[in-house]
Amino acid sequence: MRKDVPSGEIALHDAEGSRPLDRLLRPPFLTVFAGIMALGSAVIGLQFLGSVDEIVEVRGKVATGDFISFYTAATIVREGRGESLYDLGAQLEVQTSLTGRTEGDRWSGYINPPLLAAALAPLAGLPYPMAFRLFAFLMMLLFAGTVLMLRGALPGLRRAPVAWWTAWLLVFSFHPVFRTMVGGQNTVFTLFLLAGLYATWRRERWLLAGLFLGLLSYKPQFVPLFGLVLLVEQRWPALAAAGVVAAGHYALGGVCCGWSWPAQFLAALQSYRPLEATSFHSHIALIPALEFAIPRPLHAWLIGASIAAVLLGVVWAYRQYASEPRHVGVLFGLLVAAAMLVSPHLQYYDVGLLVLPVLLAVDGTLRQGGSLSLRARLVLAAGYLLYPLYQLSEAIHFQPLVLWSVSCFVWLLYLMSRRPTAYVTA
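Read on for an overview of the structure. Keep in mind the model is a prediction, meaning the values are calculated, not measured.

**A few points about the overall build of the protein**
- What the protein contains, in helices and strands, is 22 helices and zero strands.
- Taken across its 426 residues, the protein has 55% of its residues classed as buried.
- Sequence separation of at least 24 residues holds for 73% of the intrachain contacts in the protein that already meet a minimum separation of 6.
- A total of about 18,800 Å² of accessible surface is found on the protein, and carbon and sulfur atoms cover 67% of it.

Okay, structure coming up:
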């Protein structure tokens, strides 16, 4: 390591820099590429938002992604019919009236806890195109908030301003991130909450960390692993704050939807599952991916073994973290990747959440005075460019993006297994 160069800059100027391919994957070439991609994404996104005048496109497809289900749920809550929020028949009736399509057409059900529906209820009073654009604008603000919250939480990247802005331009233009920002999904909201949880966790601001964890109850599959680590670490302020926020979420649902809403929510999940069975190929979590790709007699064994392997990896990583607190970022990223793998429901576009574990892995490498090898940067470049492979899932009976989650999980395990000085070659 050169002593006259800040460690963050080493990622830009190490010995491999003389190779043509290596130079293409570093600033300034990489920065120019990232800037072009970000600018192109912004132009395309603004054109799309300006063109959305109808819910249904000419081809008969809903133009606004999952927002139609959010708007449906928000409409039900706004009209004071929250007790029927998890009645799939009522959802279908409202959505059919919005889209004008027949009940035999494919539709999108709301299968989230009440928080999102209640928060978006004011938008249901607006014309649909306007509500959709405001939702997209809100997602953009949350993305900006994610960047701001992580400014002080990624010191390795911050040491090199060029590396910092290159990384965020790439994140902004990463297809599943930008697509969900302007396409009606809530992935960026989840990313914002995870980033806030990490930023406050790293600074040991436990009450705020608990606030973010409690808000994540709108995506409950992300709560258990983080809550378990906080419990083992005896972070009582964080757990207490998360409990208060989760209780507030329950009370909000009780007021809007009736106090038995958790049972109704779980029943809706079970009822919706057969409707979703034909789209298991689009999932990036282990359970639906394996159910879609593997003959039924092997389901229980392989799903159980896969989930057990992920959880054992988390336990091992926690033991490494307990002896080396500097691994907090890598452990957090590992928890995100693990939660994504064992989630019962995670669509292909949610692979955008992996940008946080990747940023944490890169930051951990830089903070230890190392740099990403050419091989690691080639893998990351492939992950960035090959996202469209998700469209092959029906043909190959497997969602390729599952490999993105698995690879990220294995990479983070590898980083935690290395001595601090070994990050130089990670």
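That was the structure; now back to the text.
**A word on a nonpolar patch on the surface**
- Together, L21, L24, F29 and L378 make up an exposed nonpolar region whose accessible area comes to about 350 Å².
- As for its placement among the helices and strands, L24 is situated in helix α2 (residues 20-24).

**Some details on the side chain of N112**
- Assignment of secondary structure puts N112 in the loop between α5 (88-99) and α6 (114-120).
- Discounting chain neighbours no more than four positions away, the residues touching N112 are F70, Y86, N186, Y218, K219 and F265.

**Thoughts on the packing of aromatic side chains**
- Per the counting criterion, the structure on display carries 28 aromatic pairs.
- Centroid distance F174 to Y387: 6.2 Å. Interplanar angle 70°. Geometry classified as edge-to-face. Of this pair, F174 sits in the loop between α9 (161-173) and α10 (175-182) while Y387 sits in the loop between α20 (374-385) and α21 (393-396); the two residues are 213 residues apart in sequence, bridging distant segments of the chain.
- Relative accessible area serves as the criterion here: at 7%, F174 is assigned to the buried category.
- Aromatic side chains W201 and F332 sit 5.7 Å apart centroid to centroid with 85° between the ring planes, which places their arrangement in the edge-to-face category. Here the residue W201 occupies a position in helix α11 (residues 187-202), and F332 occupies one in helix α18 (residues 328-342), the gap between them amounting to 131 residues. Just as W201 is buried, F332 falls in that class too.
- The structure contains a cluster of three or more aromatic residues connected by ring pairs, namely F33, F174, Y348, Y349, Y384, Y387 and Y390.
- Against the face of W164 rests R158, its NZ or CZ located 5.7 Å from the ring centre.

**Focus: the layout of surface pockets**
- Space inside the second largest pocket adds up to approximately 1,200 Å³.
- In terms of lining residues, the second largest pocket is bounded by 42 residues, among which V358, A376, R377, L380 and A381 are the most central.
- Listing elements by their share of the lining of the second largest pocket, those giving two or more residues are α3 (29-51), α9, α19 (355-367), α20 and α22 (402-417).
- Here the element with the most residues in the lining of the second largest pocket is α20; it accounts for ten residues.

**Quick notes on the environment of Q368**
- By secondary structure assignment, the location of Q368 is in the loop between α19 and α20.
- Residue classification places Q368 among the partly exposed residues on the basis of a relative accessible area of 21%.
- Each C-alpha atom, one on Q368 and one on R326, is 9.4 Å from the other, the two residues being 42 residues apart in sequence.

**Section: the packing of α18 against α19**
- The geometry of α18 relative to α19 is characterised by a closest axis approach of 8 Å and an angle of 160° between their N-to-C directions. Classified by the angle their axes make, α18 and α19 are roughly antiparallel. Viewed along their axes, α18 and α19 form a crossing whose handedness is left-handed. Every residue of α19 that contacts α18 at G329, F332, G333, V336 and A337 is listed here: L356, P357 and L360.
- Its residues assigned to classes, the contact of α18 with α19 shows six nonpolar, two polar and no charged.

Reading the values: rules and limits
- Here the residue numbers are simple positions, counted from 1 along each chain's written sequence.
- Predicted model: local features are reported for residues with pLDDT of at least 70 only, side-chain atom pairs are reported and counted for 80 or more only, and whole-chain, interface and lining totals are derived from all residues.
- In computing side-chain values, all of the structure's heavy atoms are included and hydrogens and water are not.
- Numbered from the N terminus, helices here are DSSP runs of H or I no shorter than four residues, and strands are runs of E no shorter than two.
- Under the scheme applied here, a residue whose accessible area is under 20% of the maximum for its type counts as buried, over 50% as exposed, and between as partly exposed, the area being computed with a 1.4 Å probe on protein chains only.
- Contact definition: two residues touch when any of their heavy atoms are within 4.5 Å.
- Accessibility throughout is a Shrake-Rupley quantity obtained with a 1.4 Å probe, and a residue counts as covered only by protein chains that appear here.
- A patch is a set of surface residues, each over 30% in relative accessible area and not in a salt bridge, joined within 9 Å for like charges and within 5 Å for the nonpolar side chains Val, Leu, Ile, Met, Phe, Trp and Tyr.
- Basic side-chain nitrogens of Lys or Arg form a salt bridge, by our definition, when they fall within 4 Å of a carboxyl oxygen of Asp or Glu.
- Each aromatic pair joins two rings of Phe, Tyr and Trp (for Trp, the six-membered one) with centres within 6.5 Å, and gets the label stacked for planes under 30 degrees apart, edge-to-face for over 60, and tilted for any other angle.
- Look at NZ for Lys and CZ for Arg. If either is within 6 Å of the ring centre and within 35 degrees of the ring normal, a charge sits over the ring.
- For each structure, a 1 Å grid was placed over the protein atoms alone; sets of points admitting a 1.4 Å probe that cannot get out are labelled cavities, open sets with protein on both sides within 12 Å along at least five of seven lines are labelled pockets, and lining residues have an atom within 4 Å of a point.
- Grid points are joined across faces, edges and corners, and a volume is the space filled by probe spheres set on the points.
- Interaxial angles span 0 to 180 degrees and are taken between N-to-C directions of axes, which are lines fitted to C-alpha atoms, for helices over the stretch in contact.
- Note that the term roughly parallel is reserved for angles under 35 degrees, roughly antiparallel for angles over 145, roughly perpendicular for angles of 65 to 115, and oblique for everything else.
- The handedness criterion is simple: a crossing whose near helix is rotated anticlockwise from the far helix by less than a right angle is left-handed, and one whose near helix is rotated clockwise is right-handed.
- Here the nonpolar group is Ala, Val, Leu, Ile, Met, Phe, Trp, Tyr, Cys and Pro; Asp, Glu, Lys and Arg are the charged ones; every other residue, Gly included, is treated as polar.

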